[in-house]
Amino acid sequence: MLLSRWWIRKAGFATRADRRVYKNGWEAIIGIEVHAQINSKTKLFSDMETSYEEPPNSKVNLVDLAFPGVQPRLNERCVELAVKTALALKSNVQYQSSFDRKHYFYPDLPQGYQITQQREPIARGGMIELTELDGASEPIRVGLHQIQLEQDTGKSMHELGSTLLDMNRAGTGLMEIVTQPDMRNSFEAGLVVKKLQSVLQCVGSSQASMNEGSMRCDVNVSVHRDGEPFGTRCEIKNLNSIRFLSMAIDAEIERQIQLLEQGGKVIPETRGFDVAGRKTFRLRSKETAPDYRYMPEPDLPKLILSQEYVDSIAMDLPELPDETRTRIMKQYSMSLDDANSLLNEPGSLDFFEKVCKGRNSQMVLNWTVNDLFRELALKETPFHACPITVEEMGALVDMVEKNTITGKIGKDVLHIMLQEGGGHPQDIVDKKGWARIDDSALLKSICEDLVAKHTQQATKFKEGEKKMYKWFIGQIMRETKGLADPNQINAALCDALGCKLEDVADMLGGKQKKNKK
């Protein structure tokens, strides 16, 4: 779903335009490092399959374990997908790049170093535009520093005082996407990560699922007062959801401001995030480039790309999220919020466009974004797990549009469809006896009987107490069990009360007034 606006209100911003001032005159400076696993069948430097659901240490070979004498061999598919990602993010693909050894010692790093691209990455620059900000006069642009290829580590599990290692992940290809420090609050940072997810999934370069671990984030945070130099930054490691990323940034900003206002000093360090306590905690002192003792990777030659190679990949780029947003807003006359809702739920746009074929797009949009999304949110079900098919959703919209059922009954049918894992709406309507009452004579009789039985309420209405009209509507809906068409109810009730529809227009809501107009 769309990222909650609660985050930015919680942080103490007066207005969306006042994005730079946190509170008490402080400004936050935020940069992100995103590590996304490349959607390749084999690892970055070996021919071992990438797999994350196999038994521990069953998908690892001698290259992954750094046995003496083995040498890495670069996976061409990983290079192709990295270039595709760079082009989608408007980065400058480097026709010559190289690999480095980043030395550090940890049990899940068999070589004692990580092969990465520190000095000559595969792409530099680029930009992410945030168009999801309500009321913004223009998009906020977050620059990219570089995109580099590197290998993933193994996985450490700490149990009962012991460390267990699963090396299945070791050597898996990663793209490290490093932003410029252009974000000023946690809300913007969350939007940047969400936007990156959508781009990576769109071009197929990564599953980019933070829940499943195929995308992880490190965040650099500092604070300073307006007009002063940037403050000392601290890095928060291994944030695996957008919600936790936002919470960690807010907690670290609060910590640094409180520390500085008390006369303390921010120490450059690497920190973790305690979700339960909603606070960051110290892991270790902040490493610098000399600490890693970078050196050129001697076993890999420079990576040389031709213009023809890059152009061929550019020709194969799909429609990107920003292009899609512009298209669907124009094609379906939808708002920015609705477009973002569809783009932020993987699979929902394709679903929506298929249901739209031959139908009223505005009606399909309302049922998809408002009703279906709400029901899925209440069940805490992601859209990709939605059991309702395109055909079933289309049939439900058709039944409402053709007045076979009322809109209220349609919502009940949708609820049952999700509860029962799908099913044709007509079968549910037949089983429940929910077909719309389309008998004007019957409705006229019901209205006249109600007015005759409740003369006191009818008199109050005629004397100007208009709220009594709603009371009669409630009685009719109860009598018909919500199966009568609202337009027919209003026509029959007005006749029974001896008034005109325009006399009670303000009681019928915006939709009725719009239809009347």
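The model shown is predicted, which means the values in this text are computed figures rather than measured ones. (Residues numbered from 1 in each chain as written. Predicted model: local features only at pLDDT ≥ 70, side-chain atom pairs only at ≥ 80, totals over all residues. Heavy atoms only, no water.)

1. A look at a nonpolar patch on the surface
Here's step 1: A surface patch of nonpolar side chains, amounting to about 260 Å² of accessible area, comprises Leu62, Leu65 and Phe67.
Here's step 2: The residue Leu62 is located in the loop between strand S1 (26-37) and helix H2 (76-88) in this model. (Patch = residues over 30% accessible without salt bridge, like charges linked within 9 Å, V, L, I, M, F, W, Y side chains within 5 Å. Areas by Shrake-Rupley, 256 points an atom, 1.4 Å probe, with all protein chains shown as cover. Salt bridge = Lys/Arg side-chain N within 4 Å of Asp/Glu carboxyl O. Helix = DSSP H or I, 4+ residues; strand = E, 2+ residues; numbered from the N terminus.)

2. With respect to the pattern of salt bridges
Here's step 1: For the structure shown, the criterion picks out 27 salt bridges.
Here's step 2: With a shortest N-O distance of 3.0 Å, Asp152 and Arg216 are connected by a salt bridge. Taken together, the residues span a long stretch of sequence, with Asp152 in the loop between strand S8 (140-151) and strand S9 (155-159) and Arg216 in strand S12 (residues 215-225) at a distance of 64 residues. Each member of the pair, Asp152 as well as Arg216, is classed as buried.
Here's step 3: Between Arg374 and Asp371 there is a salt bridge, and its shortest N-O distance comes to 3.0 Å. One end of the pair, Arg374, and the other, Asp371, are both in helix H10 (residues 361-378), three residues apart, so they sit about a helical turn from each other. (Buried < 20%, exposed > 50% of the residue type's maximum accessible area, 1.4 Å probe, protein only.)

3. Considering the domain arrangement of the chain
By a widely used convention, the size of an interface equals the accessible area lost when the partners come together.
Here's step 1: As far as domains go, the chain holds domain 1 (21-314), domain 2 (320-427) and domain 3 (440-508).
Here's step 2: For domain 1 and domain 3, the distance between their C-alpha centroids amounts to 63 Å. (Domains from an automatic or database assignment.)

4. Observations concerning H10
Here's step 1: Between its first and last C-alpha, H10 extends 25 Å over 18 residues, near the 26 Å set by a 1.5 Å rise per residue.
Here's step 2: Residue Thr368 marks the point of greatest curvature in H10, where the axis turns by about 30 degrees.
Here's step 3: For H10, the set of buried residues is Met363, Val364, Leu365, Trp367, Thr368, Val369, Asp371, Leu372, Phe373, Glu375 and Leu376.
Here's step 4: In this structure, the buried side of H10 is in contact with helix H8 (336-344), helix H9 (348-356), helix H11 (390-401) and helix H12 (407-419). (Expected span 1.5 Å × (residues − 1). Bend = angle between axes of the 7 residues up to and from the residue. Contact = heavy atoms within 4.5 Å.)

5. Some remarks on the packing of aromatic side chains
Here's step 1: Summed over the entire model, instances satisfying the criterion amount to eight aromatic pairs.
Here's step 2: The interplanar angle of 80 degrees and the centroid separation of 5.1 Å between the aromatic rings of Trp471 and Phe472 together place this pair among those described as edge-to-face.
Here's step 3: When the ring centre of Tyr292 is taken as origin, the NZ or CZ atom of Lys102, which lies over that ring, is 4.4 Å away.
Here's step 4: Positioned over the ring face of Trp26 is Arg225, at 4.2 Å from the centre of the ring. (Phe/Tyr/Trp six-rings, centres within 6.5 Å; stacked < 30°, edge-to-face > 60°. Lys NZ or Arg CZ within 6 Å of the ring centre and 35° of its normal.)

6. Some remarks on unusual backbone geometry
Here's step 1: Positive phi, close to 50 degrees, is recorded for Arg293, a residue that is not glycine.
Here's step 2: Its place among the elements puts Arg293 in the loop between helix H5 (289-292) and strand S16 (295-296).
Here's step 3: Positive phi, close to 65 degrees, is recorded for Asn403, a residue that is not glycine.
Here's step 4: As for its position among the elements, Asn403 is in the loop between H11 and H12.
Here's step 5: Here Asn403 falls in the partly exposed class, since its relative accessible area comes to 36%.

7. Points about the packing of helix H14 (residues 440-453) against helix H17 (residues 486-497)
Here's step 1: Running from N to C, H14 and H17 point in directions that differ by 45 degrees, and their axes come no closer than 9 Å. Comparing their axes, H17 and H14 come out oblique. The chirality of how H14 crosses H17 is right-handed. Taking contact as the criterion, the partners of Ser440, Leu443, Lys444, Cys447, Glu448 and Val451 in H14 are, on H17, Gln488, Ile489, Ala492, Leu493, Ala496 and Leu497.
Here's step 2: Considering only residue class, the contact of H14 with H17 consists of eight nonpolar, two polar and two charged. (Axes fitted to C-alpha atoms, helices over the stretch in contact; angles between N-to-C directions. Parallel < 35°, antiparallel > 145°, perpendicular 65-115°, else oblique. Left-handed = near helix turned anticlockwise from the far one by under 90°. Nonpolar A, V, L, I, M, F, W, Y, C, P; charged D, E, K, R; others polar.)

8. Focus on the packing of H9 against H11
Here's step 1: Put simply, H9 and H11 touch, their axes get as near as 9 Å, and they point 50 degrees apart. Classified by the angle their axes make, H9 and H11 are oblique. As H9 runs across H11, the sense of the crossing is right-handed. In contact with Phe351, Lys354 and Val355 of H9, H11 contributes Val390, Met393 and Gly394.

9. Details of the environment of Lys279
Here's step 1: Mapping Lys279 onto the fold places it in strand S15 (residues 279-285).
Here's step 2: In this structure the C-alpha to C-alpha distance between Lys279 and Gly171, which are 108 residues apart in sequence, comes to 32 Å.
Here's step 3: With residues near it in sequence (within four places) discarded, Lys279 still touches Ala251, Gly272, Phe273 and Asp274.

10. Brief notes about the side chain of Thr324
Here's step 1: Among the secondary structure elements, Thr324 is positioned in helix H7 (residues 321-331).
Here's step 2: Classification of Thr324 as buried rests on a relative accessible area of 6%.
Here's step 3: Setting aside chain neighbours within four positions, we find Thr324 in contact with Glu319, Leu343 and Leu349.

11. Some remarks on the confidence of the model for the chain
Here's step 1: When pLDDT is averaged along the chain, the result is 88, and 91% of the positions lie at 70 or above.
Here's step 2: Of the regions scoring below 50 in pLDDT, residues 1-17 engages in 44 contacts with residues more than four places distant in sequence or in other chains.
Here's step 3: This model gives residues 510-517 a pLDDT under 50, and the stretch forms six contacts once residues within four places in sequence are excluded. (pLDDT = per-residue confidence, 0-100.)

12. Quick notes on a negative patch on the surface
Here's step 1: There is a patch of like negative charges on the surface, built from Glu448, Asp449, Glu479 and Asp495.
Here's step 2: Checked against the element boundaries, Asp495 lands in helix H17. (Lys, Arg positive; Asp, Glu negative; His and termini not counted. Charge placed at Lys NZ, Arg CZ, Asp CG, Glu CD.)

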